[in-house]
Amino acid sequence: MLSLRNVSLVYPNGVHALDHVNLEIAKGEFVFLVGDSGTGKSSMLRLLYREARPTSGEITVDGIRVDRLRRNRIAALRRHLGVVFQDFKLLVDKTVWENVAFAMQVTGAHTRDVMRQVPRVLDLVGLAHKSRMYPGELSGGEQQRSAIARALVNNPKILLCDEPTGNLDPVNSNEIMELLSRINLKGTTVVVATHNQSVVDRMRRRVVRLEEGRVSTDEERGYYYLGLGQGQVLSG
Amino acid sequence: MDWGKVKFFLGEVLRNFTRNAGMQATAIGTVAITIVLLGTFLFIRAALAGLGGQLLDQITISAAVANNASNAQVATLRRSIAADPRVASVEYVPKEKGWADLRRRLRGQIDTTLIPGNPLPDVFRIRARHPEAVPSVATSVARLSGIASVRYGHAEVARLLQLGDVLRRIGVGVIVLFFCVAGIIIANTIRLTVFARRREISIMQLVGATNFYIRAPFICEGLLAGLVGALLAVVILGVARATIWPKLVSALVFIPLNSVSFQLGQMVGELFVIGGAVGLIASWIAVGRHLRA
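All of the points below concern the structure found in this document.

## A few points about the overall build of chain A
A count of helices and strands for chain A gives 8 helices and 10 strands. Once local pairs closer than 6 in sequence are excluded, the contacts in chain A between residues at least 24 apart make up 66%.

## Some thoughts on the overall build of chain B
Within chain B one finds 9 helices and 4 strands. The buried share of chain B, taken over its 293 residues, is 27%. Expressed as a percentage of contacts within chain B between residues at least 6 apart in sequence, the contacts between residues at least 24 apart total 86%.

## Observations concerning the interface of chain B and chain A
Of the residues lining the interface, 13 residues belong to chain B; the matching set on chain A comes to 15 residues. Of all the secondary-structure elements, those providing two or more residues to the side of chain B that touches chain A are α1 (3–19) and α7 (198–206) of chain B. Among the elements that take part in the side of chain B that touches chain A, α7 of chain B stands out by supplying 4 residues, more than any other. Along the lines of polarity and charge, the residues of the side of chain B that touches chain A split into 7 nonpolar, 3 polar and 3 charged.

## Let's talk about the sheet that holds strand β2 (residues 87–93) of chain B
Picture the strands of a sheet paired through backbone hydrogen bonds; they go either parallel or antiparallel. All names here are of chain B. On the basis of which strands lie adjacent, the open sheet formed by 4 strands has the order β2-β3-β1-β4 and antiparallel pairing. Each edge of the sheet is formed by a strand with only one pairing partner; in this case those strands are β2 and β4 (147–151). Strand-to-strand twist in this sheet, taken as the mean axis angle between neighbours without regard to direction, amounts to 20 degrees. In terms of strand pairing, strand β1 (residues 60–65) meets β4 through 4 bridges, oriented antiparallel. Directly across from S62, in β4, lies its bridge partner R151.

## Remarks on the pairing of strand β3 (residues 123–128) of chain B
Residue and element names in this part refer to chain B. Bridge count for β1 against β3 is 5 bridges, and the pairing is antiparallel. Opposite T60, over in β3, you have R127 as the bridge partner. Alignment of β2 against β3, held across 6 bridges, turns out to be antiparallel. The residue of β3 that forms the bridge with V93 is V123.

## Examining helix α1 (residues 41–48) of chain A
The periodicity of an α-helix, 3.6 residues per turn, causes residues three or four places apart in sequence to face the same way. Residues and elements named next belong to chain A. Counting buried residues in α1 gives 6 out of 8 residues, a clear majority hidden from the surface. Among the residues making up α1, those that are buried are K41, S43, M44, L45, L47 and L48. Positive backbone phi, approximately 60 degrees, marks R50, located one or two places after α1.

## A look at the sheet that holds strand β8 (residues 189–194) of chain A
Residues and elements named next belong to chain A. Strand order in the open sheet formed by 6 strands is β6-β7-β8-β3-β9-β10, and the pairing between neighbours is mixed. In the strand order of this sheet, the two ends are held by β6 (81–85) and β10 (214–219), each with one partner. Averaged over all adjacent pairs, the angle separating strand axes in this sheet is 15 degrees, with direction ignored. For strand β3 (residues 30–34) and β8, the ladder comprises 5 bridges, and the chain directions are parallel. When the sheet's bridge partners are listed, F32 is paired in β8 with V192.

## Describing the packing of helix α3 (residues 96–105) of chain A against helix α5 (residues 140–152) of chain A
All names here are of chain A. Two numbers describe how α3 lies on α5: the axes approach to 8 Å, and their chain directions differ by 25 degrees. Considering their axes alone, α3 and α5 lie roughly parallel with respect to each other. Judged by the sense of rotation from one axis to the other, the crossing of α3 with α5 is right-handed. Between α3 and α5, the residues in contact are V96, N99, V100 and A103 and S146, A149 and R150, respectively. Split by residue class, the contact of α3 with α5 holds 4 nonpolar, 2 polar and 1 charged.

## Side note on the pairing of strand β4 (residues 56–61) of chain A
Residues and elements named next belong to chain A. As defined by bridge partners, strand β1 (residues 2–10) adjoins β4 across 5 bridges and the pair is classed as antiparallel. In the strand pairing of β4, L4 is matched with I59. Relative to strand β5 (residues 64–65), β4 runs antiparallel, the two sharing 2 bridges. Following the sheet pairing, V61 is matched in β5 by I64. The hairpin turn running from β4 into β5, its antiparallel successor, is 2 residues long, and D62 in that turn takes a positive phi close to 50 degrees.

## Examining the environment of T34 of chain B
Structurally, T34 of chain B can be placed in helix α2 (residues 21–57). Through-space distance from the C-alpha of T34 of chain B to that of L177 of chain B is 9.2 Å; in sequence the pair is 143 residues apart.

## As for the environment of R50 of chain A
Residues and elements named next belong to chain A. Within the fold, R50 resides in the loop between α1 and β4. On the basis of neighbour counts, which here come to 20 C-beta atoms within 10 Å, the residue R50 falls in the buried class. C-alpha of R50 to C-alpha of D67: the two residues are 17 residues apart in sequence and 7.7 Å apart in space. The residues contacting R50, other than those within four sequence positions of it, are V66, L69, I74 and L77.

## Focus: the packing of α3 of chain A against helix α4 (residues 111–124) of chain A
Residue and element names in this part refer to chain A. Orientation of α3 relative to α4, taken along the N-to-C sense of each, is 130 degrees, at an axis distance of 10 Å. Overall, the two elements α3 and α4 adopt an arrangement that is oblique. The way α3 lies across α4 gives a crossing that is right-handed. Contacts between α3 and α4 involve V96, W97, V100, A101, M104 and Q105 on the former and, on the latter, D113, V114, Q117, V118, V121 and L122. When its residues are assigned to classes, the contact of α3 with α4 shows 9 nonpolar, 2 polar and 1 charged.

## Notes on the nonpolar core
Counting 77 residues, the largest nonpolar core has L33, L48, V100, A149, L160 and C161 of chain A as the members making the most contacts within it. At 7 residues, the largest contribution of residues to this core is made by α3 of chain A. Aside from chain neighbours lying at most four places away, what touches C161 of chain A is V84, L180, V190, V191, V192 and A193 of chain A. Core analysis: the second largest hydrophobic core is formed by 32 residues, A32, A182, V194 and A230 of chain B among them.

The rules behind the values
- Residues numbered from 1 in each chain as written.
- Chains lettered and ligands numbered in written order.
- Predicted model: local features only at pLDDT ≥ 70, side-chain atom pairs only at ≥ 80, totals over all residues.
- Helix = DSSP H or I, 4+ residues; strand = E, 2+ residues; numbered from the N terminus.
- Contact = placed C-beta atoms within 7 Å.
- Buried ≥ 20, exposed ≤ 12 C-beta atoms within 10 Å, placed from the backbone.
- Nonpolar A, V, L, I, M, F, W, Y, C, P; charged D, E, K, R; others polar.
- Pairing = 2+ DSSP bridges.
- Axes fitted to C-alpha atoms, helices over the stretch in contact; angles between N-to-C directions.
- Parallel < 35°, antiparallel > 145°, perpendicular 65-115°, else oblique.
- Left-handed = near helix turned anticlockwise from the far one by under 90°.
- Core = buried A, V, L, I, M, F, W, Y, C linked by C-beta atoms within 7 Å.

Below, the structure is given as structure tokens:
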């Protein structure tokens, strides 16, 4: 579903964000990208949704060669993807319903489909009863759930999340992760870049660790730190 | 037809248009001023073309017959003038007819009853086959005995046409300059709107909106600014047409402005197209720059 082959990314200021990265993510997988700040987690996501182009290497997303993609095809790629950010990126002057519908409306969806699909995803994220509220009237967790609803409304096959719990307390963080798990169970491939050790350790999913722009470890049912659960790190 | 889509789209355009009211007002004002200038220029050009054309048509040689000339002499003169191959037509206008014509032309502008008697002589009105032949025909006619004087307004016409040409060039320069200014102001307005909405645009790009969908509301905004500016200009020109124009006609009695057609109605369509085009092109460029960046 997602594939990076020998991918390097050097920013114009000379910073090497990624250095010959190889990674395969299969359809329906749930993968954590972990690592310290500046190790290339966000850069990798940016490459996947073609916000950035690799300096070298091949990137394939759902059969599309993203590294070779022409500018006018980027919009089509992004309709296959949902992207969620730490700062939610909601429009403050639109209601929850309008924010979610916006993602369909600007891609030219028929109003009939908007009316059918928006309530469905709001229900999925548990915000149906708050659809008329503005982002400023919601808690952080609710705002993130609105953002997830927006990311899902176009039925993407892949959901990319960049620090989705970065602004949330532990309770809300766990709720968001449970929501992402449920979405994953429905068949959506989920990639989460995170610092949040507790959610990674609790979820026990595939964990890809980045260090200095390289994949240092890649574990099925891993922990945030290689081979060690949170309790073990604290007691050890 | 998906009316929900149309409603969403128009709602977005209107919301953005009203959000930046101050800048939009500046843009609209500039377009309006530009189009008022354009309208005025088009009118002046039409007036000069009309006058020039009329005067060119009127290059007739007016040969005044001596006061003491007999009917037989007049008939002989007529025959000899008409015999000249360079002459297209010759018409004898007795002073009574000439005076009646003049009074009819000046009716409502000058009180001709204040002029005692008939100040006009009998004249031959001669038209040459070609305007260039006018001076030589005039010279030949002047030599004929029984002709008191010969007049033709060729020099004036030439000067008028030259003046019209100069005015036209200056006018085109000024209009082009103003359109550039209007375009730049609209482009800057749109750029500010784009800047104010960069978050919204980045979200649109993230969810896969095509550049057309991102661009269209801004283009419509520019188009709307141009059209509203044009509307304002048409209103100003309409008011001027109704109030200033009649005064101008009666103030400049010696210029036959009545015959110049100044049909605002015919121009309205063109002015709207021009206003809309300025808004459209300017906003297209402004958004295009942002999307490429």
